[in-house]
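Descriptive structure summary
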Amino acid sequence: MKDKLPVYGVGPIYGIGISAISVLMIIFAKTLFKSGSIAGLKIPFLILGIIFILGGVAVWISAVIIAKIDDGIKSNTLVTHGIYAYCRNPIYTAVTFVNVGALLIANNLWLLILPFGYWVFLTVLMKHTEEKWLLDMFGRQYTDYCKTVNRCIPWKIKKR
């Protein structure tokens with residue numbers, strides 16, 4: 001059992017990993033995947049992409065600044081208020097939203113396969129790292145929290 005949780009966890013691995021993949025695939029899409037670009041979707045994808053990016057920034061601010069996740073980690077407290085009442089991993093969600101926004105702005109349908117891979121990567125990463133750490137540290141409190149709050153998509157709290 002850990003005495004303290006790491007402040008950053010596996011966040012940098014996930015964030016840098018999917019951001020690098022997004023950038024590379026956007027570059028490749030301009031040459032290798034031209035068939036996925038649909039002129040009629042350029043404006044709707046641009047608008048949707050901006051919404052995703054702004055949503056990601058808002059979720060990040062809610063998790064880091066408003067809910068003060070660093071304080072919870074430093075004091076060994078399970079943070080379940082604010083955005084954490086709706087999503088167990090909002091910082092990862094924010095990074096995902098920003099990357100999905102960039103993919104949408106790139107206006108290439110082939111790129112829209114990537115968010116599914118990001119979700120699988122996030123799920124596997126969380127199950128094998130941070131969720132185990134939190135279970136070791138908080139036990140039943142964390143198990144009960146998991147039953148009422150979604151892993152990565154901010155959603156209405158399930159009834160207890």
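A quick note: this is a predicted structure, and the numbers were derived from the prediction, not measured.

Before going further, it helps to spend a moment on the environment of Cys146. Residue position: Cys146 is located in helix 7 (residues 140-148). In sequence terms Cys146 and Cys87 are 59 residues apart; their C-alpha atoms lie 9.5 Å from each other.

Before going further, it helps to spend a moment on the packing of helix 5 (residues 114-128) against helix 6 (residues 130-138). At a minimum axis distance of 3 Å, the contact between helix 5 and helix 6 shows a crossing angle of 30 degrees. Between helix 5 and helix 6, the crossing angle belongs to the class labelled roughly parallel. When helix 5 is examined against helix 6, the residues Leu125, Met126, Lys127 and His128 are found in contact with a partner set consisting of Glu130, Glu131 and Lys132. By residue class, the composition of the contact of helix 5 with helix 6 is two nonpolar, one polar and four charged.

As a further point, take the layout of surface pockets. Roughly 220 Å³ of volume is contained in the second largest pocket. If you trace the second largest pocket, you find it lined by Tyr14, Phe52, Thr93, Thr96, Phe97, Val100, Pro115, Tyr118, Trp119, Leu122, Cys152 and Ile153. Contributions of two or more residues to the lining of the second largest pocket are made by helix 4 (90-105) and helix 5. Here the residues of the lining of the second largest pocket sort into ten nonpolar, two polar and no charged.

So, on to helix 2 (residues 42-66). Look at helix 2: 34 Å from first C-alpha to last across 25 residues, which is about the 36 Å you get at 1.5 Å a residue. Where helix 2 is concerned, the buried positions are Phe45, Gly49, Gly56, Val59 and Ala63. In the core, the buried residues of helix 2 are packed alongside helix 3 (69-74) and helix 4. Where helix 2 ends, the next residue or the one after it, Lys68, has phi of about 50 degrees, a positive value.

This next bit is on the packing of helix 4 against helix 5. Helix 5 packs onto helix 4 with a crossing angle of 165 degrees between their chain directions and a minimal axis gap of 10 Å. In terms of orientation, helix 4 lies roughly antiparallel with respect to helix 5. Crossing geometry of helix 4 relative to helix 5 is assigned as right-handed. Touching Tyr92, Asn99, Val100 and Leu103 of helix 4 are Leu114, Pro115, Tyr118, Leu122 and Met126, all from helix 5.

Basis of the calculations
Residues numbered from 1 in each chain as written. Predicted model: local features only at pLDDT ≥ 70, side-chain atom pairs only at ≥ 80, totals over all residues. Heavy atoms only, no water. Helix = DSSP H or I, 4+ residues; strand = E, 2+ residues; numbered from the N terminus. Axes fitted to C-alpha atoms, helices over the stretch in contact; angles between N-to-C directions. Parallel < 35°, antiparallel > 145°, perpendicular 65-115°, else oblique. Contact = heavy atoms within 4.5 Å. Nonpolar A, V, L, I, M, F, W, Y, C, P; charged D, E, K, R; others polar. 1 Å grid on protein atoms, 1.4 Å probe; cavity = no way out; pocket = protein on both sides within 12 Å on 5 of 7 lines; lining within 4 Å. Points joined across faces, edges and corners; volume = space filled by probe spheres on them. Expected span 1.5 Å × (residues − 1). Buried < 20%, exposed > 50% of the residue type's maximum accessible area, 1.4 Å probe, protein only. Left-handed = near helix turned anticlockwise from the far one by under 90°.

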